Amino acid sequence: MPATNVGGLMSLCEENYAALMRLAPNLPQLTGQLRSQPERIAELTLSIVDQSPYTTTLRLTHLLQVEATAQHQQPSEPDALLRAYHDAEQVEVLNLRQTVLPILSHYQAPALASKWRANLFVSKWLSYCLHQGYRFSAKADQTAAADFHELLPSA
């Protein structure tokens, strides 16, 4: 694994941007909420929170089918609030909720180690989504299934 330093974090943020752009190639033009659901796999949603000329703030959430009782509603996760910097071609993790893996149970900003773990988790998650065939297009509710199986990143 690369060193947990600022340079390594910046490289990881660039890898995450490249993966996100494969997942949603028209991200700078997208609006609203989009869904992707390859056959027999949990739905993935991408919600545009804010668009500006150089950035997109978005929420990426896996909607897992979990039986919930009336008292214990299981939140969907992973659930990430991300900011894509189109000019710098980087993705910043603003908030991340995932409790299944021991990588990170709660995001603690802005410490470098916390940012590294959050971005590494998002990197692996984006790789998984791409490998499974998730894609977002400009048309809401359209799934663009592609035969893309490259895994990212090497970290």
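Thresholds applied
- Residues numbered from 1 in each chain as written.
- Predicted model: local features only at pLDDT ≥ 70, side-chain atom pairs only at ≥ 80, totals over all residues.
- Heavy atoms only, no water.
- Core = buried A, V, L, I, M, F, W, Y, C linked by side-chain atoms within 4.5 Å.
- Buried < 20%, exposed > 50% of the residue type's maximum accessible area, 1.4 Å probe, protein only.
- Helix = DSSP H or I, 4+ residues; strand = E, 2+ residues; numbered from the N terminus.
- Contact = heavy atoms within 4.5 Å.
- pLDDT = per-residue confidence, 0-100.
- Axes fitted to C-alpha atoms, helices over the stretch in contact; angles between N-to-C directions.
- Parallel < 35°, antiparallel > 145°, perpendicular 65-115°, else oblique.
- Left-handed = near helix turned anticlockwise from the far one by under 90°.
- Nonpolar A, V, L, I, M, F, W, Y, C, P; charged D, E, K, R; others polar.
- Pairing = 2+ DSSP bridges.
- Patch = residues over 30% accessible without salt bridge, like charges linked within 9 Å, V, L, I, M, F, W, Y side chains within 5 Å.
- Areas by Shrake-Rupley, 256 points an atom, 1.4 Å probe, with all protein chains shown as cover.
- Salt bridge = Lys/Arg side-chain N within 4 Å of Asp/Glu carboxyl O.
- Expected span 1.5 Å × (residues − 1).
- Polar contact = N/O pair within 3.5 Å; in protein donor to acceptor, adjacent residues only side chain to side chain.

### What about the nonpolar core?
Ranked by size, the top nonpolar core spans 30 residues in total, and within it Leu23, Leu27, Leu46 and Leu60 carry the most contacts. Looking at this core, the elements that each hand over two or more residues are helix H1 (6-23), strand E2 (43-51), strand E3 (55-63), strand E4 (79-85), strand E5 (90-97) and helix H2 (112-132). The contacts of leucine 46, once residues within four sequence positions are left out, are Ala24, Leu27, Gly32, Gln33, Leu34, Leu58, Arg59, Leu60 and Phe136. Counting 5 residues, the second largest nonpolar core, distinct from the first, contains Leu9, Leu12, Cys13 and Leu120.

### Focus: the confidence of the model for the protein chain
Averaged over the protein chain, the pLDDT score is 78; the fraction of residues at 70 or greater is 72%. Per-element confidence in the protein chain ranges from a low mean pLDDT of 88 for H2 to a high of 94 for E4. Scored below 50 in pLDDT, residues 140-155 makes 37 contacts in the model with residues more than four places away or belonging to other chains.

### Some remarks on the packing of H1 against H2
How two helices pack is summed up by the angle between their axes together with the distance between the axes. Contact geometry of H1 with H2 gives a least axis separation of 9 Å together with a crossing angle of 25°. The pairing of H1 with H2 is recorded here as roughly parallel in orientation. As H1 runs across H2, the sense of the crossing is left-handed. Listed contacts from H2 to Val6, Gly8, Leu9, Leu12, Cys13, Asn16, Ala19, Leu20, Arg22 and Leu23 of H1 are Leu112, Lys115, Trp116, Asn119, Leu120, Val122, Ser123, Leu126, Cys129 and Leu130. Of the residues assigned to the contact of H1 with H2, the class counts are 14 nonpolar, 4 polar and 2 charged.

### Structural notes on the pairing of E4
With respect to burial, E4 is a largely interior element, 5 of its 7 residues being buried. By the bridge criterion, 7 bridges tie E3 to E4 in an arrangement that is antiparallel. In the sheet register, leucine 58 faces E4, and the bridge partner there is leucine 82. Taken together, E4 and the strand that follows it, E5, pair antiparallel across an intervening segment of 4 residues, in which glutamate 89 is found at a positive phi of about 55°.

### Description of the environment of leucine 58
Mapped onto the secondary structure, leucine 58 falls in strand E3. In this structure the C-alpha to C-alpha distance between leucine 58 and leucine 46, which are 12 residues apart in sequence, comes to 6.7 Å. With near-sequence residues (within four places) excluded, leucine 58 lies in contact with Leu20, Leu27, Leu46, Ser47, Ile48, Val49, Ala80, Leu81 and Leu82.

### Quick look at a nonpolar patch on the surface
Judged by side-chain polarity, Val6, Met10 and Leu112 come together as a nonpolar surface patch covering roughly 240 Å² of accessible area. Turning to its location among the elements, methionine 10 is positioned in helix H1.

### Some remarks on H2
A rise of 1.5 Å per residue sets the reference length of H2, with its 21 residues, at 30 Å; its end C-alpha atoms lie 30 Å apart and thus fit the reference within 8%. Directly after H2, the chain includes glycine 133, whose backbone phi takes a positive value near 100°.

### Details of the side chain of glutamate 43
By the element assignment, glutamate 43 lies in strand E2. Within polar-contact distance, the side chain of glutamate 43 engages the side chain of arginine 35 at 3.5 Å.

### A look at the environment of leucine 20
Looking at the secondary structure, you find leucine 20 in helix H1. Classification of leucine 20 as buried rests on a relative accessible area of 0%. Sequence separation between leucine 20 and valine 122 is 102 residues, and the spatial gap between their C-alpha atoms is 9.8 Å. Apart from residues lying up to four places away in sequence, leucine 20 is in contact with Leu27, Leu58, Ala84, Val91 and Leu126.

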